[in-house]
Amino acid sequence: MANVSLKNINKVYANGVQAVYDFNLEIRDKEFIVLVGPSGCGKSTTLRMIAGLEEITSGDLYIDGERMNEVPAKDRGIAMVFQSYALYPQMTVYDNMAFGLKLRKLSKMEIRQRIENVAKILGLESLLNRKPKALSGGQRQRVALGRAIVRDAKVFLFDEPLSNLDAKLRVQMRTEIARIHKNIGATSVYVTHDQIEAMTMASRIVVMKDGYIQQIGTPEEIYDHPANVFVGSFIGTPSMGFLKGTVLDDGTFETEHHEYRFKIAEDHFEILKEKDALNRPLLMGIRPENIHYCPSSEDYTLESSISFCEMLGHQTNVYFKVEETQLACVLDTRIAFAENQQVQWLFDLKRLHYFDLETEKNLIES
């Protein structure tokens, strides 16, 4: 496999639109990197530049220390899995998987051996003589994966490969891809807009927005220590909630319209004081699982009325308003709340986040 290095990569199209800005990333051998972000953030463009399908405007791309900017796509030692599967409809599964190997002039025996080995890994042995039209969506995606794997490439690239599948099949296939990555030890770069795919599959996640990298880290780092408001809101379901307010000299957080006030963690207060963030508006962020229902405790953070509930079987998502802001709480019970019911909530104060109102950067983590 291979190391991949992207240094100061920029992409500007002929019409002047810039899709990627100063992209820097070191991908270690055998890593599974996931580029995640909303549509139009530049993640697929970045992947296509690695593949050689898009020209790099400026910056340098290295694979195993060799500069690749001018190297044709076919000579980069890369295999790519597309969203649309890109299978030849007139060919059998076997011939689809063998096509690239035949172009490389491999012997029939080696081609057969590679295909049989990969077919066994992917459970395609009984499908080798079928044509794509006789396969389900999941089977077609496995064939597309198999075609990439048999090439024995240095780097595997995945461009939203599961977006055409139904919800249940997506779960199965992301487990399958993670298992295959572990078995073959491939250096992989995976693009998705689905933050659940990113969290469950990645060694490290690259969060992008508007062509810029927002944060790079392990799933745990991204989730527990978001660099800014965007990362905090984009990663997590239900998403992080935000309250506008002020941290006062007495160590309390007061909401924007002065309806609520509660004590914050002492170590957070000291950091905010050191950064001169007291007595000026900021955003307090809190994840739903760090809000707890207090049926009878007097030691609650605030009281608010229920907006609505989502019953998901294994959990209940409860939404409530604090001033004009809606927050969510995740409960592992099936408590039935009535709309507009007043409920007491306890915040896990040590797991709150505080963001600068102008830069939107995390004041505690930066």
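Quick note: structure is the one above.
Nothing here was measured: the structure is a model prediction, and the numbers come from that model.

Calculation rules
Residues numbered from 1 in each chain as written. Predicted model: local features only at pLDDT ≥ 70, side-chain atom pairs only at ≥ 80, totals over all residues. Heavy atoms only, no water. Helix = DSSP H or I, 4+ residues; strand = E, 2+ residues; numbered from the N terminus. Buried < 20%, exposed > 50% of the residue type's maximum accessible area, 1.4 Å probe, protein only. Contact = heavy atoms within 4.5 Å. Areas by Shrake-Rupley, 256 points an atom, 1.4 Å probe, with all protein chains shown as cover. Lys, Arg positive; Asp, Glu negative; His and termini not counted. Charge placed at Lys NZ, Arg CZ, Asp CG, Glu CD. Salt bridge = Lys/Arg side-chain N within 4 Å of Asp/Glu carboxyl O. Polar contact = N/O pair within 3.5 Å; in protein donor to acceptor, adjacent residues only side chain to side chain. Phe/Tyr/Trp six-rings, centres within 6.5 Å; stacked < 30°, edge-to-face > 60°. Axes fitted to C-alpha atoms, helices over the stretch in contact; angles between N-to-C directions. Parallel < 35°, antiparallel > 145°, perpendicular 65-115°, else oblique. Left-handed = near helix turned anticlockwise from the far one by under 90°. Nonpolar A, V, L, I, M, F, W, Y, C, P; charged D, E, K, R; others polar. Core = buried A, V, L, I, M, F, W, Y, C linked by side-chain atoms within 4.5 Å. Pairing = 2+ DSSP bridges. Arc of directions from axis to C-beta.

Draft legend 1. Summary view of the overall build of the protein. Looking only at helices and strands, one finds nine helices and 20 strands in the protein. Along the first, second and third principal axes, the C-alpha atoms of the protein reach 75 × 45 × 35 Å. Taken over 366 residues, the protein has a buried fraction of 51%. A separation of at least 24 residues holds for 65% of the contacts in the protein among residues at least 6 apart in sequence. In the structure as shown, the protein presents an accessible area of about 17,700 Å², 48% of it carried by carbon and sulfur atoms. In the protein, 43 side chains carry a positive charge and 50 a negative one; their mean positions are 14 Å apart.

Draft legend 2. Expanded view of the side chain of E160. The topology assignment puts E160 in the loop between strand 7 (155-159) and helix 5 (167-184). K43 is the oppositely charged side chain nearest to the buried, salt-bridge-free E160, at an N-O distance of 4.2 Å. Within the structure, the side chain of E160 is placed 2.7 Å from the side chain of H193, a separation counted as a polar contact.

Draft legend 3. Representation of the packing of aromatic side chains within the structure. The full count for this structure, using the stated rule, is 15 aromatic pairs. Measuring from centroid to centroid gives 6.5 Å for F253 and Y354, while their planes differ by 55°, and the two rings are tilted. Separated by 101 residues along the polypeptide, F253 in strand 12 (residues 252-255) and Y354 in strand 20 (residues 353-356) bring together distant segments of the chain. For the pair F308 and Y319, a centre-to-centre distance of 4.5 Å together with 15° between the ring planes defines the contact as stacked. With F308 in strand 16 (residues 302-311) and Y319 in strand 17 (residues 316-322), this residue pair connects regions lying 11 residues apart in the sequence. Judged by its relative accessible area of 38%, F308 is partly exposed.

Draft legend 4. Just the packing of helix 2 (residues 93-103) against helix 4 (residues 137-149), in detail. Contact geometry of helix 2 with helix 4 gives a least axis separation of 8 Å together with a crossing angle of 30°. On the basis of their axis angle, the class for helix 2 and helix 4 is roughly parallel. Note that helix 2 runs across helix 4; the crossing there is right-handed. Across the interface between the two elements, V93, N96 and M97 of helix 2 pack against V143, G146 and R147 of helix 4. Partitioned by chemical class, the residues of the contact of helix 2 with helix 4 number three nonpolar, two polar and one charged.

Draft legend 5. Seen up close, the environment of A167. Of note, A167 is situated in helix 5. Under the relative-accessibility criterion, A167 is labelled exposed at 59%. Sequence-wise, A167 and E365 are 198 residues apart; in three dimensions their C-alpha atoms are separated by 35 Å.

Draft legend 6. Layout of the nonpolar core. Formed by 50 residues in total, the largest nonpolar core has its most connected members in V36, M97, I115, L145, F156, I177 and Y190. Ignoring anything within four residues of it in the chain, the contact list for I177 reads F32, L145, F158, P161, L162, Y190 and M201. With 30 residues, the next largest nonpolar core counts V247, F253, L278 and L352 among its residues.

Draft legend 7. Spotlight on the pairing of strand 10 (residues 212-217). Inspection of the sheet shows strand 9 (residues 204-209) paired to strand 10 by five bridges, in the antiparallel sense. Bridge assignment links V207 to a residue of strand 10, and that residue is Q215.

Draft legend 8. Expanded view of the environment of H314. One can find H314 in the loop between strand 16 and strand 17. Taking the C-alpha atoms as reference points, H314 and V36, 278 residues apart in sequence, are found 27 Å from one another. Polar contacts involving the side chain of H314 include one to the side chain of Q315, which spans 3.3 Å.

Draft legend 9. Structural context of helix 9 (residues 266-274). Residues of helix 9 that are buried include every one of H268, F269 and L272, and no others. The arc enclosing the buried residues of helix 9, seen along the axis, measures out at 100°, which places them on a common side. Opposite the buried face of helix 9, at more than 90 degrees from it, the exposed residues are E266 and E274. D276 lies just past helix 9 and shows a positive phi near 55°.

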